[in-house]
Amino acid sequence: MRNMRQRYGQHFLVNQRVIEEITQAALRLKAAQTVEIGPGKGALTFALIAAGFTGFSAAEIDPEMIEFLNKNLPPQAGVKILEGDFTRLPPGALKNEPTGFVGNLPYVDAAAILDKALAFPQFYSAVFMFQKEQANRVQAAPGTEFYGPLSILSQARAQIKLLCNVGKGSFNPPPKVESAVLTFEKLPVPIVPPALWGRFAKVVRAAFLHRRKTLFNSLALCGYPKEKITAALAALSLPLTVRAEQVGLTQFVQLANAL
């Protein structure tokens, strides 16, 4: 088991208070379909079942954990184990209906898992635990230390709130860092039109690709025409010296429209 922990970055949640907070948040944000990501030994899985969740899916990458869950989960709960990497689930693995996600995410893949969940066509909600610094990045506002693509691309798709902070001693084995649980709710009205999303995400990532440079120079280095960048910044009343971390979400939407 020790080698598997190292391989998959597993830190099993054992704090019952935190488990209860996550479970109650998942209940409040419950959708037609529930998907738990990284159930591990099932601490949260059993709590969800005890709270009345049945027939939900649990995506697990670790073969030893899959074997453990298959042996120990009550059959009447009807939990479907999705074997493999959640970020590589094939189309059709989940039902096409409003979906709530929940999980204590592995630190190394948390950003990719969050992106996959938020990109699900029927995304409804999520309750996810992150490394504290990564949670700060997800929630960060323009002009702050942690603001970047993860902040913008997350906030463009969901309303995000801090549920609770989680100390190192809440896990076995204890990680080296603090954690935090965030809730995500589908926005009532999309900030970014679906047809614009690909261009928007590309502009955001290009803007932060050269962090020490101005937004103008970073976009220019990524191939955007300088005359279009100049005109777009002028339309937003932004100086040519502005940096990406000073530009807000709605301004990036306008930039994507212009470029």
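To be clear, the structure that these remarks concern was listed above.
Quick caveat, the model's predicted, so the values are computed rather than measured. (Residues numbered from 1 in each chain as written. Predicted model: local features only at pLDDT ≥ 70, side-chain atom pairs only at ≥ 80, totals over all residues. Heavy atoms only, no water.)

S.K.: Run through helix α2 (residues 16–28), naming residues and quoting values.
M.R.: Here α2 spans 18 Å end to end across 13 residues, near enough to the 18 Å set by a 1.5 Å rise per residue. As for α2, its buried residues are in contact with β1 (12–13), α3 (43–50), β5 (99–104), β6 (123–131), β7 (158–166) and β9 (179–186). (Helix = DSSP H or I, 4+ residues; strand = E, 2+ residues; numbered from the N terminus. Expected span 1.5 Å × (residues − 1). Contact = heavy atoms within 4.5 Å.)

S.K.: Any details on the packing of aromatic side chains? Residues and values, ideally.
M.R.: Counted by the stated rule, this structure contains 10 aromatic pairs. When the centroid spacing of 5.3 Å and the interplanar angle of 50° are considered together, the rings of Trp197 and Phe200 count as tilted. Taken together, the residues span about one helical turn, with Trp197 and Phe200 both in helix α8 (residues 197–207) at a distance of 3 residues. By relative accessible area, Trp197 is classed as partly exposed at 22%. An aromatic cluster is built from Phe86, Phe101, Phe120 and Phe123, whose rings are joined through pairwise contacts. Note that Lys30 overlies the ring of Phe53, its terminal NZ or CZ placed 4.6 Å from the centroid. When the ring centre of Phe12 is taken as origin, the NZ or CZ atom of Lys41, which lies over that ring, is 5.0 Å away. (Phe/Tyr/Trp six-rings, centres within 6.5 Å; stacked < 30°, edge-to-face > 60°. Buried < 20%, exposed > 50% of the residue type's maximum accessible area, 1.4 Å probe, protein only. Lys NZ or Arg CZ within 6 Å of the ring centre and 35° of its normal.)

S.K.: Could you give an account of the nonpolar core, naming the residues involved and the relevant values?
M.R.: Counting residues in each nonpolar core, the largest one holds 32 residues, and the members touching the most others are Phe200, Leu215, Leu219 and Phe252. Looking at this core, the element that brings in the most residues is α8, giving 6 residues. Not counting the four nearest positions on each side in its chain, Phe200 is found in contact with Ile152, Leu153, Ala156, Val192, Leu249, Phe252, Val253 and Ala256. (Core = buried A, V, L, I, M, F, W, Y, C linked by side-chain atoms within 4.5 Å.)

S.K.: Outline the pattern of salt bridges, listing residues and values.
M.R.: All told, the structure shown has 6 salt bridges when counted by the stated rule. For the salt bridge of Arg17 with Glu21, the shortest nitrogen-to-oxygen distance reads 2.5 Å. Taken together, the positions of Arg17 and Glu21, both in helix α2 and 4 residues apart, correspond to about one turn of that helix. (Salt bridge = Lys/Arg side-chain N within 4 Å of Asp/Glu carboxyl O.)

S.K.: Residues and numbers for the pairing of strand β4 (residues 80–83), please.
M.R.: Sheet topology places strand β3 (residues 57–60) next to β4; 4 bridges connect them, and they run parallel. Its bridge partner being in β4, Ser57 is matched across the sheet by Lys80. Crossover β3 to β4 through helix α4 (residues 63–72) is right-handed. (Pairing = 2+ DSSP bridges. Right-handed = clockwise from strand over helix to strand, strands pointing away.)

S.K.: Describe in detail the sheet that holds strand β2 (residues 33–37), supporting the description with residues and values.
M.R.: Spatially, β4-β3-β2-β5-β6-β9-β7 is the arrangement adopted by the 7 strands of the open sheet, whose pairing is mixed. Strands with a single pairing partner mark the edges of an open sheet, and in this sheet they are β4 and β7. Within this sheet the neighbouring strands show an average axis-to-axis angle of 20°, counted without direction. Here 8 bridges tie β7 to β9, and the two strands are oriented antiparallel to one another. Within the sheet, the bridge partner assigned to Asn165 lies in β9 and is Ala180. Helix-sheet contacts for α4 involve β3 and β4, and the interaxial angle to β4 is about 170°. (Axes fitted to C-alpha atoms, helices over the stretch in contact; angles between N-to-C directions.)

S.K.: Provide a residue-level description of the packing of α2 against α3, including the pertinent values.
M.R.: Pairs of packed helices are described in terms of their axes, by the angle between the two and the distance that separates them. At a minimum axis separation of 10 Å, α2 and α3 run at an interaxial angle of 50°. The orientation of α2 with respect to α3, classified from their angle, is oblique. Note that α2 runs across α3; the crossing there is right-handed. Contact residues: Ile19, Ile22, Thr23 and Ala26 in α2; Ala43, Leu44, Ala47 and Leu48 in α3. (Parallel < 35°, antiparallel > 145°, perpendicular 65-115°, else oblique. Left-handed = near helix turned anticlockwise from the far one by under 90°.)

S.K.: Can you break down the packing of α8 against helix α11 (residues 249–258) residue by residue, with the values?
M.R.: Taken N-terminus to C-terminus, the directions of α8 and α11 make an angle of 110°; their axes are 9 Å apart at the nearest point. Here α8 lies roughly perpendicular to α11, going by the angle between them. Two packed elements cross with a definite hand, and for α8 against α11 that hand is right-handed. Contact with α8, carried on its side by Arg199, Phe200, Val203, Val204 and Ala207, involves Leu249, Phe252, Val253, Leu255, Ala256 and Asn257 of α11 and no other residues of that element.

S.K.: Quick one: what's the story with the side chain of Ser170, residue by residue and with numbers?
M.R.: Along the polypeptide, Ser170 turns up in the loop between β7 and β8 (171–172). Leave out the neighbours within four places in its chain, and Ser170 touches Phe12, Leu13, Val14, Asn15 and Val18.

S.K.: Account for the environment of Ala126, with residues named and values stated.
M.R.: Locating Ala126 in the fold gives a position in strand β6. Overall, the relative accessible area of 1% leaves Ala126 in the buried class. Placed 31 residues apart in sequence, Ala126 and Arg157 show a C-alpha to C-alpha distance of 12 Å. For Ala126, the contacting residues outside a window of four places in its chain are Leu29, Phe101, Leu182, Thr183 and Phe184.

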